[in-house]
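A closer look at the structure
Residues per chain, in single letters:
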Amino acid sequence: MRKILIVEDTLAIREEVFDILILEGYRVFEAKDGKKGLEIALKENPDLIISDILMPEMSGFEMFEKLKKNDKTKAIPLIFLSAKGEKEDIRTGMNHGAQDYLTKPININDLLSAVEKKIKNKLIIDKK
Amino acid sequence: MGIKLPKETLTKESKEASNMLEKKNIELHLLIDKISLENKALIIANRKLTFQNAANLKQATKLALAKKELIFKDDLTPYQLKMEQLALDLTRLIETTNAPIFGIDDKGLVNEWNQTSEKITGFKKHEVIGKNLIQNYISKEHQKGVKKVLDQALIGKETSNYEFPIYTKDGARNMILLNSTTRRDKKGNIIGVLGVGQDITEIDQLRTTLEDSAFRLKLVLESLSEVIWGRSLPDCALQYVSSSVVSLFGFPIADWHSNMHLWSDMIHPDDIKRVNKENEVLFNSGTCEMEFRILTANKQIKYINSKVLIIKRTDGTPFFMTGISRDITEQKKDKNQLKYLNNNLVKKSNKLQISNSKLKEDIIEINELRTKSLSIAKELRQFIETANAPIFGIDNKGLVNEWNQTSEKITGFTKDEVLGKDLVQTYITKGYQKAVKKILDDALIGQETANYEFPLYNKDGTRIMVLLNSTTRRDHKSKIIGVLGVGQDITELVTYRNELELQVKQRTINLNDALKEQKELTELKSQFISSTSHEFRTPLAAINFAAGFLRKYWAKMEPIMVKQKLKRIEVQVLHMTKLLDDVLTIGKVEKTKKNQPLNLGDFICEIIDEVDDSFERSHEIVLIDILELKNSTIFIDKKLGRSIFINILNNAIKFSPNAKKIIIELSSEKNYTVVSVTDFGIGIPQAELKNIFNPFTRGENVYLINGTGLGLSIVKKTINIIGGKVIVNSRIGHGTTFIVKIPKI
């Protein structure tokens, strides 16, 4: 069973994504900010992280940089899910090395197809 | 003038020559007159003699005839007696006659010698009788001539008026005019000659003198370049012409004598009429002078001046005309040249006159202009003198030469005091001397300065600010002669300006503040809009997920789960509605401000009741009013006021979920009515205090408490609009106090 970590400060979004991924058969972990997300990632080593960017305590970018610096977590693919949807925001996110950048509001199928693709890639890399 | 001089000289020369000629002419005429008079006398004397001679001869003939008759009538004694008496008378007559009478026989020997002969010759009768007259008493050179006369008479041919000289006994030469008469006997045989003489020695001498004079005169005349001529009248035959006629007219003298009409033929055809007219006049007036052209032998045209004089006898009949002609071609030429030059002069003079008249016109115009400019200058001067601005002038040495009335008034220095003084050295304060001097020096090289400010001290020592405009002063040839400074007393203006500058500075600061605020506001606004969009996306995303979930997993879902999803959608819609309301509130806040008097107690209590109701009286709200301000009146826009206190009170209840009490306290400051709201809730972290009024800012400790992050932003904005203040005191975990100050007026 693939593990996905959701890092999101807004409870409503977190709950919705959690519900969807559970139904799709993933094992889902939740974090309400970057700091918590980093902790869980180190502890659980998920196959994919879905993270908001603007969050209290630690932003998505900060968390991602820290993950990449850690050998244990540096290979975990990350998708940003943010309300900041302008071109510059997307470029900045991708430049950080994210696998994808999704803007709110996104429909459920788009979210799932992105998730599945990254998980598949992860599987291929893991097998090697 | 330079050309007139030779004309005068020429005229003078010609005049002199003409005068001299006239003099000579007169002398000549006098001489001629004298000669002709003497000639006349001679002729008259001669005639008398001839007449007398003739009378004598007639007498002698009568005697001879009488003798013959006597001889024929031999016997007639009385006749004989008469004859003898007559012979006696005759002999006495011959003896005593005033003329020398001599007789010779047919052999030339003297047989008569009267007393006058004795007297004239000095030889006595007895010495002479029987001697050969010619050989003894006639000078050698005349012997032949006299002998011929006597011989002629001896053959019956009588000679009258033969002149010859005879020498007296003492050697004096006497001129004798001789008339020879043949002497015959009674039978008519020639027996000798009777000579009746006349002593003309004196006449002869006179004539010699005359001839001599004539000769000398001729010499004089021949030496003259002028032609002197004389014609006898009325035949008009040329008697004399001086040799200069040849050089003047080109014809030889002989032509003049042979051709009487040469003179008139020679006159230029154009002038002949005029000359003839003059000639007619000449015979009436006796003299004339004329100028005409002639054609010389070689067809050269010459100008001639001719003077003619008619000489008349005592009875008035003209018998001689004489004249003098001279060549005036050169003079004419000169005259013509003079005329030409004169014409040129006249032309030039005309031109000059024209230009002169033009000049005169110009001068008139210039004078008019001058008058105009003078009046303008006068006006300007008046203007400068009375101008309301101080005007001064300096010469090119910097000395004052203009100082108008306003300058006097402003500085207190009179014109008399200032004139001739160095303006900069004397009247400009030390610190500005250099700069003012530079401005004036610049103007002296033609660079004018506008609006230079500098201070002056007047006579009383008061400081005056002057605004100076320097103008270069030039004379009519544009040469710089000084500087004219036009000033303006801006002392008041400067004070005013300084005040104004202060005001402007203050206002600029205010404006800058306002601008900064505005900028911040604009930034805030764009940030707010960006944030707002972000804030809307989040609930939208939640709704989208929930809705997508329902659609995707509908079949798998338990009804309770469907309900839960639908509830979540409703919650998100509600949140968005609240968000929308708040955003609209913020937008509205900026627009309205209508202050109205409100009872403070009523206003606060109304809000308390409202909020208390919405939270279902979860907290005890205590109102503390020590100063009894409940009944006081505040001036506030009611809507804005409510927005402030509802938000604060809402927050107080919302963020103190575990406390049960809220305290509202009324107090008063000098200018403000103060309302403070205190809760005992979670408090605000120190680091976030400064951001709490920014929109969409929520404390990290409010994670589980609903909110848009706009409430305090609305409060801050509203308080700013009513001109009040808000102060926040908070300790995390202990609670927060918001102190709102409402301005009293």
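Residue positions are given per chain, counting from 1 as you read along its sequence in written order. For this description, chains carry letters from A and ligands carry numbers from 1, given in the order in which they are written. Residue-level local features of this predicted model are given only where pLDDT is at least 70; pairs of side-chain atoms are given and counted only at 80 or more, and the full residue set underlies all totals for whole chains, interfaces and linings. As a convention, hydrogens and water are excluded, and side-chain values are obtained from all of the structure's heavy atoms.

**Digging into the overall build of chain A**
As a reminder, the rule being used: Going along the chain from the N terminus, every DSSP run of H or I of four or more residues is numbered as a helix, and every run of E of two or more is numbered as a strand. Type-normalised accessible area, obtained with a 1.4 Å probe on protein chains alone, sets the label of each residue: buried when under 20%, exposed when over 50%, and partly exposed for intermediate values. Any pair of residues with heavy atoms lying within 4.5 Å of one another is described as a contacting pair. Surface accessibility in these figures is a Shrake-Rupley result with a 1.4 Å probe; residues are shielded only by whichever protein chains are displayed.
Broken down by element type, chain A carries five helices and five strands. Ordering the α and β elements of chain A from the N terminus gives β-α-β-α-β-α-β-α-β-α. When the 128 residues of chain A are sorted by exposure, 51% land in the buried category. Partitioning the contacts of chain A with sequence separation of at least 6, the portion at a separation of at least 24 is 62%. Summed over all atoms, the accessible surface of chain A reaches about 6200 Å², with 49% contributed by carbon and sulfur.

**So, the overall build of chain B**
Helix and strand content of chain B: 21 helices and 22 strands. Looking at chain B as a whole, 38% of its 745 residues qualify as buried. For chain B, contacts bridging at least 24 residues in sequence account for 52% of all contacts bridging at least 6. Within the structure as shown, chain B displays about 45100 Å² of accessible surface, and the carbon and sulfur contribution to it stands at 56%.

**A look at the sheet that holds strand E17 (residues 620–624) of chain B**
All names here are of chain B. The condition is simple: Any two strands between which DSSP finds at least two bridges are classified as paired. An axis is simply a line fitted to the C-alpha atoms; with a helix, the fit covers only the stretch in contact. Between two such axes, the angle follows the N-to-C directions and lies from 0 to 180 degrees.
Across the sheet, which stays open at both edges, the five strands sit in the order E17-E19-E20-E22-E21 with mixed pairing between neighbours. The sheet is open, and its two edges are formed by E17 and strand E21 (725–731), each paired on a single side. Adjacent strand axes in the sheet meet at a mean angle of 15° when their direction is disregarded.

**Focus: helix H7 (residues 201–223) of chain B**
Keep this limit in mind: Helices are assigned an expected span. That span is 1.5 Å times one less than the residue count.
With 23 residues, H7 of chain B should reach 33 Å at 1.5 Å per residue; the first-to-last C-alpha distance of 33 Å fits that figure. Taken together, the buried positions of H7 of chain B are Thr201, Asp204, Leu210, Ser213, Leu217 and Leu221 of chain B.

**Comments concerning the interface of chain B and chain A**
Using the following cut-off: Buried area, as used here, totals the accessible surface that two parts lose on assembly, with accessibility defined by a 1.4 Å probe and the loss added over both. Definition used for salt bridges: Asp or Glu carboxyl oxygen within 4 Å of a side-chain nitrogen of Lys or Arg. Distance and chemistry together define a polar contact, namely a pair of N or O atoms within 3.5 Å, with one atom able to donate a hydrogen and the other to accept it when in protein, and with adjacent residues in sequence counting only for side-chain atoms on both sides.
The interface of chain B with chain A comprises 19 residues on the first partner and 28 residues on the second. Contact between chain B and chain A buries roughly 2200 Å² in total, counting both sides, with carbon and sulfur atoms accounting for 62%. For the pair chain B and chain A, the interface holds five salt bridges. Across the contact surface, chain B and chain A share ten residue pairs in polar contact (both at pLDDT 80 or more). The biggest single contributor to the side of chain B that touches chain A is helix H17 (residues 491–553) of chain B, with 13 residues.

**Quick word on the sheet that holds strand E10 (residues 318–327) of chain B**
Residues and elements named next belong to chain B. Reading across from one edge, E7-E6-E10-E9-E8 is the order of the five strands in this open sheet, with antiparallel pairing throughout. The open sheet has two free edges, formed respectively by strand E7 (238–241) and strand E8 (287–295), since each of these has just one partner strand. Shown here is a sheet whose adjacent strand axes are inclined to one another by a mean of 20°, direction ignored. Bridge analysis of strand E6 (residues 227–232) against E10 gives six bridges, and the strand direction is antiparallel. Directly across from Val227, in E10, lies its bridge partner Ser325. Docked against the sheet, helix H11 (residues 269–285) engages E8, strand E9 (301–312) and E10, running at close to 160° with respect to E8.

**Notes on the environment of Glu669 of chain B**
All names here are of chain B. With respect to the element layout, Glu669 can be found in the loop between strand E19 (661–668) and strand E20 (672–679). For Glu669, a relative accessible area of 34% translates into the label partly exposed. For the pair formed by Glu669 and Lys741, sequence separation is 72 residues and the distance between their alpha carbons is 8.6 Å.

**Let's talk about the pattern of salt bridges**
Scanning the model with the defined rule gives 34 salt bridges over all chains in all. Linking Lys578 of chain B and Asp582 of chain B is a salt bridge whose minimum nitrogen-to-oxygen distance equals 3.2 Å. In this pair, Lys578 of chain B and Asp582 of chain B are both assigned in helix H18 (residues 559–589), four residues apart and thus about one turn of the helix distant. Taken together, the shared-partner salt bridges in this structure form one network comprising Glu15, Glu16 and Asp19 of chain A together with Lys565 and Arg568 of chain B.

**Comments concerning the confidence of the model for chain B**
Residues and elements named next belong to chain B. Basically, it comes down to this: A score from 0 to 100, pLDDT tells how confident the predictor is in each residue.
For chain B, mean pLDDT is 82; residues scoring 70 or higher make up 94% of the total. A low-confidence stretch, residues 1–5 (pLDDT under 50), is modelled with three contacts involving residues beyond four sequence positions or located in other chains. Under the prediction, the complex receives an ipTM of 0.91, its pTM being 0.40.

**Observations regarding the nonpolar core**
To be explicit about the condition: Residues belong to a common nonpolar core when they are buried Ala, Val, Leu, Ile, Met, Phe, Trp, Tyr or Cys residues joined through side-chain atoms within 4.5 Å.
Leu21 and Val115 of chain A are the most contacted members of the largest nonpolar core, which has 41 residues in total. Elements supplying a minimum of two residues to this core: strand E1 (3–7), helix H1 (11–23), strand E3 (48–51), strand E4 (78–82) and helix H5 (108–127) of chain A together with H17 and H18 of chain B. With ten residues, H17 of chain B is the largest single contributor of residues to this core. Excluding residues within four positions of it along the chain, Leu21 of chain A makes contact with Ile4, Ile6, Tyr26, Val28, Ile50, Leu112 and Val115 of chain A. Within the second largest apolar cluster, 37 residues are counted, among which are Leu629, Leu640, Ala652 and Ile684 of chain B.

**A few points about a nonpolar patch on the surface**
Stated precisely, the cut-off is as follows: By definition, no residue in a patch forms a salt bridge, and every one has over 30% relative accessible area; like charges are joined within 9 Å, nonpolar side chains (Val, Leu, Ile, Met, Phe, Trp, Tyr) within 5 Å.
Together, Ile376, Leu380 and Phe383 of chain B make up a nonpolar patch on the protein surface, roughly 310 Å² of accessible area in all. Locating Leu380 of chain B in the fold gives a position in helix H12 (residues 329–386).

**Details of the side chain of Glu118 of chain B**
All names here are of chain B. What counts, and what does not: Counted as positive: Lys and Arg. Counted as negative: Asp and Glu. His and the chain ends are not counted at all.
Looking at where Glu118 falls in the secondary structure, it is placed in helix H3 (residues 115–121). Although Glu118 is buried, it forms no salt bridge, and the closest oppositely charged side chain is Lys124 at an N-O distance of 4.2 Å. Side-chain polar atoms of Glu118 contact the backbone nitrogen of Lys125, separated by 2.6 Å. Those residues in contact with Glu118, other than ones at most four positions away along the chain, are Trp113, Phe123, Lys124 and Lys125.

**Quick look at the packing of H1 of chain A against H17 of chain B**
Using the following cut-off: Here is the rule for angles: anything less than 35 degrees is roughly parallel, anything more than 145 is roughly antiparallel, 65 through 115 is roughly perpendicular, and the remaining ranges are oblique. By convention the crossing between two helices is left-handed if the near helix lies anticlockwise of the far one by an angle smaller than a right angle, and right-handed if it lies clockwise. Residues are grouped as follows: Ala, Val, Leu, Ile, Met, Phe, Trp, Tyr, Cys and Pro are nonpolar; Asp, Glu, Lys and Arg are charged; every other residue, Gly included, is polar.
Interaxial distance between H1 of chain A and H17 of chain B falls to 8 Å at its minimum, and their mutual angle equals 25°. Classed by the angle they form, the pair H1 of chain A and H17 of chain B counts as roughly parallel. In the packing of H1 of chain A onto H17 of chain B, the handedness of the crossing is left-handed. Contacts from Ala12, Ile13, Glu16, Val17, Asp19, Ile20 and Leu23 of chain A in H1 of chain A reach Thr538, Ala541, Ala542, Phe545, Ala546, Phe549 and Tyr553 of chain B in H17 of chain B. Looking at the contact of H1 of chain A with H17 of chain B residue by residue, the classes come out as eleven nonpolar, one polar and two charged.

**Section: the pairing of E7 of chain B**
Regular strands place their side chains on alternate faces of the sheet. All names here are of chain B. One ladder, built from three bridges, connects E6 with E7; its direction is antiparallel. Across the sheet, residue Trp229 finds its bridge partner in E7, namely Val241. Connecting E6 to the next strand, E7, in antiparallel fashion are five residues, including Cys236 with a positive phi near 65°.

**What about the environment of Leu574 of chain B?**
All names here are of chain B. Within the element layout of this structure, Leu574 appears in helix H18. Taking the relative accessible area as the measure of exposure, Leu574 reaches 64% and is therefore exposed. Separated by 35 residues in sequence, Leu574 and Pro539 place their C-alpha atoms 9.6 Å apart.

**Topic: the packing of aromatic side chains**
Convention followed: In this analysis, rings of Phe, Tyr and Trp, with Trp reduced to its six-membered ring, are considered paired at centre separations within 6.5 Å, and the interplanar angle assigns stacked below 30 degrees, edge-to-face beyond 60, and tilted for intermediate values. Think of it as a cone above the ring: NZ of Lys or CZ of Arg counts as a charge over the ring if it is within 6 Å of the ring centre and within 35 degrees of the ring normal.
Under the defined criterion, the tally for this structure stands at 14 aromatic pairs over all chains. Taking the centre distance of 6.0 Å and the plane angle of 80° together, the rings of Phe603 of chain B and Phe645 of chain B count as edge-to-face. Of the two residues, Phe603 of chain B sits in helix H19 (residues 600–614) while Phe645 of chain B sits in helix H20 (residues 638–654), which places them 42 residues apart along the sequence. One aromatic cluster is present, formed by Phe61, Phe64, Phe80 and Tyr101 of chain A through successive ring pairs. Lying over the aromatic face of Trp229 of chain B, Arg231 of chain B brings its terminal NZ or CZ to 5.9 Å of the ring centre. Lys565 of chain B extends its terminal NZ or CZ atom over the ring of Phe549 of chain B, reaching a point 4.4 Å from the ring centre.

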